[in-house]
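Examination of the molecular architecture
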Amino acid sequence: ELPAFDYTPQPYAGPSADEIFAKRREYLSPSIFHFYKTPLNAVEGKRQYLFDEKGRRYLDAFGGIATVSCGHCHPDVVAAIVEQTKRLQHSTVLYLNHAIADFAEALSSKLPGNLKVAFFTNSGTEANELAILIARLYTGSHDIISVRNSYHGNAAGTMGATAQSIWKYNVAQSGVHHAMNADPYRGLFGSDGEKYARDVKEIINFGTTGNVAAFISEAIQGVGGIVELAPGYLPAAYKIVRKSGGLCIADEVQSGFARTGSHFWGFEAQGVVPDIVTMAKGIGNGIPLGAVVTTPEIAKVLTRRSYFNTFGGNPVCTAAGLAVLKVIEKEKLQENAFVVGSYLKDRLNALKDKYELIGDVRGRGMMLGVELVTDRELKTPAQDETFHVMDQMKELGVLIGKGGYYGNVFRITPPLCFTKEDADFLVDAMDYTLSR
Ligand code: PMP
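Residues numbered from 1 in each chain as written. Predicted model: local features only at pLDDT ≥ 70, side-chain atom pairs only at ≥ 80, totals over all residues.

1. Some points on the overall build of the protein
Counting its regular elements, the protein contains 13 helices and 18 strands. Its C-alpha atoms give the protein a radius of gyration of 21 Å, near enough to 22 Å, the size a compact globule of 436 residues would have. With respect to the three principal axes, the spread of C-alpha positions in the protein is 60 × 60 × 45 Å. Intrachain contacts of the protein at a sequence separation of at least 6 include 75% that bridge at least 24 residues. (Helix = DSSP H or I, 4+ residues; strand = E, 2+ residues; numbered from the N terminus. Rg over C-alpha atoms; globule rule 2.2 N^0.38 Å. Contact = placed C-beta atoms within 7 Å.)

2. Observations regarding the pairing of strand β11 (residues 276-279)
Judged by which residues are buried, β11 turns out to be covered on both faces: Ile276 and Thr278 on one side and Val277 and Met279 on the other are all buried. Bridge count between strand β10 (residues 247-251) and β11: three bridges; the pairing is parallel. Paired with Ala250 across the strands is Val277, a residue of β11. Judged from the four bridges that link them, β11 and strand β12 (residues 290-294) form a sheet pairing that is antiparallel. Note that in β12 the partner of Thr278 across the bridge is Val292. (Buried ≥ 20, exposed ≤ 12 C-beta atoms within 10 Å, placed from the backbone. Pairing = 2+ DSSP bridges.)

3. Regarding the packing of helix α4 (residues 98-109) against helix α10 (residues 315-330)
Contact geometry for α4 and α10: axes closest at 8 Å, N-to-C directions at 35 degrees. The interaxial crossing formed by α4 with α10 has left-handed handedness. In contact with Ala99, Ile100, Asp102, Phe103 and Ala106 of α4, α10 contributes Pro315, Thr318, Ala319, Gly321, Leu322 and Leu325. When grouped by side-chain class, the residues that make up the contact of α4 with α10 number eight nonpolar, two polar and one charged. (Axes fitted to C-alpha atoms, helices over the stretch in contact; angles between N-to-C directions. Left-handed = near helix turned anticlockwise from the far one by under 90°. Nonpolar A, V, L, I, M, F, W, Y, C, P; charged D, E, K, R; others polar.)

4. Quick look at the site of the ligand
Taken together, 15 residues form the shell around the ligand, and within it Ser123, Gly124, Thr125, Gly222 and Val253 come nearest. Examining the composition of the shell around the ligand, we find that three residues originate from one element, helix α5 (residues 124-139), more than from any other. Counted by class, the shell around the ligand contains five nonpolar, eight polar and two charged residues. (Near = placed C-beta within 6 Å.)

5. Description of the sheet that holds strand β2 (residues 49-51)
If you walk across this open sheet you meet the four strands as β1-β2-β3-β16, and the pairing is mixed. Each of the sheet's edge strands pairs with one partner strand only, and the pair in question is β1 (44-46) and β16 (398-399). By the bridge criterion, three bridges tie β1 to β2 in an arrangement that is antiparallel. Bridged to Gly45 within β2 is Leu50.

6. A short note on the sheet that holds strand β7 (residues 212-217)
With mixed pairing, the seven strands of this open sheet are ordered in space as β4-β12-β11-β10-β7-β5-β6. Of all the strands in the sheet, just β4 (117-121) and β6 (176-179) have a single pairing partner and so form its edges. Adjacent strand axes in the sheet meet at a mean angle of 20 degrees, parallel and antiparallel pairs treated alike. Here strand β5 (residues 143-147) pairs with β6 via four bridges, running parallel.

7. Looking at the domain arrangement of the protein
By the assigned domains, the protein splits into domain 1 (17-70 + 332-435) and domain 2 (75-330). The centre of domain 1, based on its C-alpha atoms, is set 25 Å off from the matching centre of domain 2. Facing 29 residues of domain 1, the contacting portion of domain 2 comprises 28 residues. A class-by-class count of the residues in the side of domain 1 that touches domain 2 yields 13 nonpolar, 10 polar and six charged. (Domains from an automatic or database assignment.)

8. As for α4
Between its first and last C-alpha, α4 extends 17 Å over 12 residues, near the 16 Å set by a 1.5 Å rise per residue. Buried within α4 are the following residues: Ala99, Ile100, Phe103, Ala104 and Leu107. For α4, the angular spread of buried residues about the axis comes to 125 degrees, placing them on one side. With respect to the buried face of α4, the exposed residues turned more than 90 degrees away are His98, Glu105 and Ser109. (Expected span 1.5 Å × (residues − 1). Arc of directions from axis to C-beta.)

9. Looking at the packing of helix α11 (residues 333-354) against helix α13 (residues 420-435)
Here α11 crosses α13 at 20 degrees, and the two axes come no closer than 9 Å. The angle between α11 and α13 places the two elements in the roughly parallel class. Between α11 and α13 lies a crossing whose hand is right-handed. Contacts between α11 and α13 pair Val340, Tyr343, Leu344, Arg347, Leu348 and Leu351 from the former with Lys420, Ala423, Val427, Met430 and Asp431 from the latter. In terms of residue class, the contact of α11 with α13 is built from eight nonpolar, no polar and three charged. (Parallel < 35°, antiparallel > 145°, perpendicular 65-115°, else oblique.)

10. Some thoughts on the pairing of strand β13 (residues 358-364)
Looking along a regular strand, one sees the side chains alternate between the two faces of the sheet. Judged by how many residues are buried, β13 sits mostly within the fold: seven of seven residues are covered. The pairing of β13 with strand β14 (residues 367-375) spans six bridges and is antiparallel. Paired with Asp360 across the strands is Glu371, a residue of β14. Remark: two residues form the turn of the hairpin made by β13 and β14, two consecutive strands paired antiparallel; Gly365 in that turn has positive phi of roughly 55 degrees.

11. Topic: the environment of Ala337
By secondary structure assignment, the location of Ala337 is in helix α11. Separated by 30 residues in sequence, Ala337 and Met367 have C-alpha atoms that sit 8.9 Å apart. Beyond its immediate sequence surroundings of up to four residues, Ala337 is in contact with Ala258, Arg259, Gly261, Gly365, Met366 and Leu416.

12. Some thoughts on the nonpolar core
Ala135, Val200, Ala237, Ile249, Ala291 and Ala320 are the most contacted members of the largest nonpolar core, which has 117 residues in total. In terms of residue count, α10 provides more of this core than any other element does, 10 residues in total. Inspection of this core shows a minimum of three residues originating in each of domain 1 (17-70 + 332-435) and domain 2 (75-330). (Core = buried A, V, L, I, M, F, W, Y, C linked by C-beta atoms within 7 Å.)

Here you go:
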């Protein structure tokens, strides 16, 4: 049972979608126009819903790319932000604030092992950049191994670790190696994770011997199209990497903070304990906030001389982060993600039985993927259809994301407060669209 919530939007007198997108298009990044034929002007968000300028309600089943964890404008998070904003909006280096310590301590309490020391950033990209820097400083080595089809960010280092060609822009990458994609649906070895992990060993033995700083991976690839790494992959890969002196980084930017329902962190499903965990997105519920958490021993490599950033650990953001954590606990959102996520996955699987176009349904909790194919046996990606279904579902009032190597996977990553009724609404909208 989730708390009662007022879903009525406030009156809106601002510009319309047409005024913003048609008349001022030349000022805007083309990527805004990538998904929908007519862009959506979201003027208000309430939990799992967004409203456009006409007061039309949309079910936000993409959750701002798995970011709006406890729901748009959750009152507890808003209250924490407002209260902190009135007191102190910025602190760094010379003066501290309790909010940063409160949140760092709370994060550590959610992590296994001796993962204790937090460094704060403003995004997932920055968190991964910092994790790579820490690993390089700690090991004295340079090379990074990531898993093909992964996404770790879009700055110089993370763009190298990101192992999907469409995000790379041919930027030169030195010392970055991409291990075989451990995808049970499209991979060679089905769900035998240990077999895929042998590729990590090959890279170490034949490519970068003695020079591996870190292995970085998502437990469930998000941008890559909701690909859960084959079971057994992470334990095997971690063992190989550690034997060669490298550190293991878990990128929990999407799969962390209760999203998968079964666990608080995605890596826990494979029973590993990373050396460094990175997080962002859902930890701030939409406020720019990222973090790197590692052990005190590893954290020592970042002395005061070697690392500062201006906004990391900003009190407004960390106050929001702490409020998010409290909401997840108070409203039992991890349990909700598990129960509703399992229900939604079952219903999507029933759709798969009905429509040949659906080749695969996968993921956990509130991190689900639906892959569209024009030929099930050959797994031929269905591209135009993917855009069409997304657009039609938007017209029916449901927003879903898309990704995957071929761009043919729906990404369903709603706020964790998604209900069974929401799940039904989404599946019915998809059913209706596919039946046309
Ligand atoms: N890691 C993962 C797993 C992500 O999904 C993303 C963003 N999609 C990032 C890192 C980068 O985060 P940000 O966009 O906040 O820089």
